[in-house]
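Chains, contacts and geometry: an overview
Residues per chain, in single letters:
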Amino acid sequence: MEIIEKKIKIEDTGLISVFELNDNYLQLIQNRFKTAVLLRGENIILKGHHDEIQLIERLFKEFSYILKRNGVILQSDISTVIELVDTKPIEAIEEKGKNRNPIIFNGVKELVRARNPKQLEYYEKVLKNDLVFAIGPAGTGKTYLAVAMALAALRLNDVSKLIITRPAVEAGESLGFLPGDMREKIDPYLRPLTDAMHFLLSGEKMRAYMEKQIIEITPLAYMRGRTLNNAFIILDEAQNATKTQMKMFLTRFGANSKVIITGDVTQIDLPNKADSGLIHAHKILKDIKGIEFVMFSNKDVVRHKLVADIIKAYEKEDNGTEKHKKKPVAKDEGSE
């Protein structure tokens, strides 16, 4: 079915202000529909199927009526109107479509959606479970999607805090030789996480969240002794967490919290790869109900097309090296 774009001008400036001050309201609409809903000045930009766009136009007319009648629009009003709208056309669209691909998060630079079936599986498992492991090579979107899902939960007030952490393991460099205090030494290890965050949030929103400690980005070592309630927690680069660190982390999250753990078992920087807490956790937790694992492969890479080929080349080299190591050494003739 054809995707179209339509611009709706909102004459009521008060309604525009409501959605500018409560960005979770748009997220509620997008969670119900497959249509992208963007606020641009005094206009609402809709990108989706014709039937859905008509329904969303009706929603905004109803929102305008509620604002004029009550002088205010609450989140409960948004949810009620969405539930009451005639959804038969939407159901028909979803029945015809083979792949449902909802918007995960409306970022400042792009709308985040699942880009392949494995990412969609990842998203759906996170919605249904409180603890999900995402394991696979670089470039599959494990961390980026985790951050997007966490921000969506924060925007909808499903959680009150977002905590992102990763082990500060030396990958060929020495922390001792880096300049600055310990925080400055650790910051380079956390930079990929802040980069993803800045791509999804405005700089102003990011600073406000960080200052209020609504978003916290911290090394794994700083998690010891904490209990995290009503939080969305992401452990990134988990292949570099030891078994002891993994156990410590997994026992941190409390009531009404959700955890995503991401990692790549081919990129372990620990001196002894067998010490990886991610490999150990997969072995002992995979059969526990309520814990899900999503296994990505190089086929699921969504970065530049060369990344998948590069990963394959290294995997081929690693496999060849392993076979060579295991090949028995022939004894010399005449030796015992």
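Predicted model, so just to flag it, every value in this text is computed and none were measured.

Notes on helix α10 (residues 243–250)
When we look at burial in α10, the residues that qualify are M246, M248, F249 and L250. Here the buried face of α10 lies against β6 (131–135), β7 (161–166), β9 (231–235), β10 (258–263) and α11 (277–285).

Examining the sheet that holds strand β1 (residues 4–9)
Strand order in the open sheet made by the three strands is β1-β3-β2, with antiparallel pairing throughout. Looking at the sheet topology across the chains shown, the edges are occupied by β1 and β2 (36–40). Put simply, the sheet's adjacent strands are angled 20° from each other on average, direction ignored. With five bridges connecting them, β2 and strand β3 (residues 43–48) associate as antiparallel partners. In the strand pairing of β3, V37 is matched with L46.

Some words on the confidence of the model for the protein chain
Per-chain confidence: the protein chain averages 81 in pLDDT, with 81% of residues scoring 70 or above. The secondary structure element of the protein chain with the lowest average pLDDT is helix α5 (residues 88–96), at 41, and the one with the highest is β6, at 97. Below pLDDT 50 for its whole length, residues 87–99 participates in 16 contacts with residues either more than four positions away or in separate chains. Ignoring residues within four places in sequence, the model shows residues 329–336, a span with pLDDT below 50, making one contact including any to other chains.

Cut-offs and rules
- Residues numbered from 1 in each chain as written.
- Predicted model: local features only at pLDDT ≥ 70, side-chain atom pairs only at ≥ 80, totals over all residues.
- Heavy atoms only, no water.
- Buried < 20%, exposed > 50% of the residue type's maximum accessible area, 1.4 Å probe, protein only.
- Helix = DSSP H or I, 4+ residues; strand = E, 2+ residues; numbered from the N terminus.
- Contact = heavy atoms within 4.5 Å.
- Pairing = 2+ DSSP bridges.
- Axes fitted to C-alpha atoms, helices over the stretch in contact; angles between N-to-C directions.
- pLDDT = per-residue confidence, 0-100.

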